[in-house]
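Here are the chains, one letter per residue:
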Amino acid sequence: MSEVKVYPDRASLARAAAEHFVTRASEAVAARGLFTVALSGGSTPRSTYALLARADNKHPADNKHPREFAPRVDWPRVHVFWGDERCVPPDHTDSNYRMAREALLEKVPIPIENVHRIQGELPPDQAAAAYRAELEPFLGAGGRFDLILLGMGADGHTASLFPGTAAVHEGARWVVAHYVRRQGRRPDKLSAWRVTLTPVVINGAAHVTFLVAGAGKAERLREVLAGPYQPDVLPAQIVRPADGQSLWLVDAAAAARLRQEVE
Ligand code: 6PG
């Protein structure tokens, strides 16, 4: 079952997500000496990444003023991956790697060799194969991430699993490359070659956590969580970790329709 937690606004959602990251990292490092996390792209997680980068020591650390997030993470033991990437070079404005690097990774003491980006500058199939090879030494043969962060698009996509694409039902490969064309639109920012984790790896994770914000997502969120199961239309529904926790951290605007249903 999925757990849904609702926060009043985007700022408190970001704090909760940062807290969640810190907790999952501490647990994994204590258990195995290592924390493997897949970051998501999109705009929603940016403020979470910015918070994770903060090392605000204005106050002495106590219960009222806990140390801000960065010093609470054992960064040399964190291995960062991505859920998906557009096939663009790493300095491109559409690069999910670039967003995470600027908001978080270049501000914390994570060794460069712990940052495992999808090489979007390669031909798509090569990028997928290289990423698959990069994953196995860290995830083991079972392909188990400690934490995968995901977003949900207003069309119900997650990672780069888009409505009507075969990748939604991929049952063997961990990573696929595919061209995603946005129906009924001229090529736009979303029409692109993309490399994505498949449900094989996503549903093998110990924790899969969605961050969803904004009124524009409210109706789709209701359909995904409370509507009929139709992952071809709503790919986010394919996310059902077999032996892990599925958690939705959402702001009140995105949860508006859920609340109405519950009331
Ligand atoms: C990407 C994503 C994608 C994203 C959603 C939500 O690379 O764009 O990984 O799945 O998470 O589109 O994006 P927003 O947070 O911008 O709404």
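Look up a bit, the structure's there.
The structure displayed is predicted, hence computed values, not measured ones.

Caption draft 1: Looking closely at the overall build of the protein. From N to C terminus, the protein includes seven helices and nine strands. Relative to a compact globule of 263 residues, whose C-alpha radius of gyration would be 18 Å, the protein shows 18 Å and is just as compact. C-alpha atoms of the protein, sized along the principal axes, occupy 55 × 50 × 35 Å. Looking at the protein as a whole, 52% of its 263 residues qualify as buried. Entry remark: accessible area of the protein is about 12000 Å², with carbon and sulfur atoms responsible for 51%. Of the charged side chains in the protein, 32 are positive and 30 negative, and the gap between their average positions amounts to 3 Å.

Caption draft 2: Representation of the pattern of salt bridges within the structure. Scanning the model with the defined rule gives 15 salt bridges in all. D146 is paired through a salt bridge with R32; the nearest N and O atoms lie 2.6 Å apart. Of this pair, D146 sits in the loop between helix 4 (124-139) and strand 5 (147-150) while R32 sits in helix 1 (residues 10-32); the two residues are 114 residues apart in sequence, bridging distant segments of the chain. Under the relative-accessibility criterion, D146 is labelled buried at 12%. For R77, the salt bridge is made with D74, and the minimal N-O distance between the two is 3.1 Å. Judged by relative accessible area, which is 35%, D74 ranks as partly exposed.

Caption draft 3: Molecular detail of the site of the ligand. Near the ligand there are 14 residues, and of these S43, T44, D84, A159 and K217 occur at the shortest range. G41 places a polar main-chain atom, nitrogen or oxygen, 3.4 Å from an oxygen atom of the ligand. The contact in question runs from an oxygen atom of the ligand to an N or O atom on the side chain of T44, over 2.5 Å.

Caption draft 4: Here's a closer look at the nonpolar core. Counting 71 residues, the largest nonpolar core has W82, F145 and L197 as the members making the most contacts within it. Among the elements that make up this core, the one with the highest residue count is helix 1 (seven residues). Those residues within four positions of W82 in sequence are excluded, and the remaining contacts are A38, L39, N96, Y97, A100, L105, V115, H116, R117, I118, Y131 and L197. Residues Y7, A17, A213 and L247 belong to the second largest nonpolar core, which totals eight residues.

Basis of the calculations
Residues numbered from 1 in each chain as written. Predicted model: local features only at pLDDT ≥ 70, side-chain atom pairs only at ≥ 80, totals over all residues. Heavy atoms only, no water. Helix = DSSP H or I, 4+ residues; strand = E, 2+ residues; numbered from the N terminus. Rg over C-alpha atoms; globule rule 2.2 N^0.38 Å. Buried < 20%, exposed > 50% of the residue type's maximum accessible area, 1.4 Å probe, protein only. Areas by Shrake-Rupley, 256 points an atom, 1.4 Å probe, with all protein chains shown as cover. Lys, Arg positive; Asp, Glu negative; His and termini not counted. Charge placed at Lys NZ, Arg CZ, Asp CG, Glu CD. Salt bridge = Lys/Arg side-chain N within 4 Å of Asp/Glu carboxyl O. Near = heavy atom within 4 Å. Polar contact = N/O pair within 3.5 Å; in protein donor to acceptor, adjacent residues only side chain to side chain. Core = buried A, V, L, I, M, F, W, Y, C linked by side-chain atoms within 4.5 Å. Contact = heavy atoms within 4.5 Å.

All we've got here are geometric facts, nothing functional implied.
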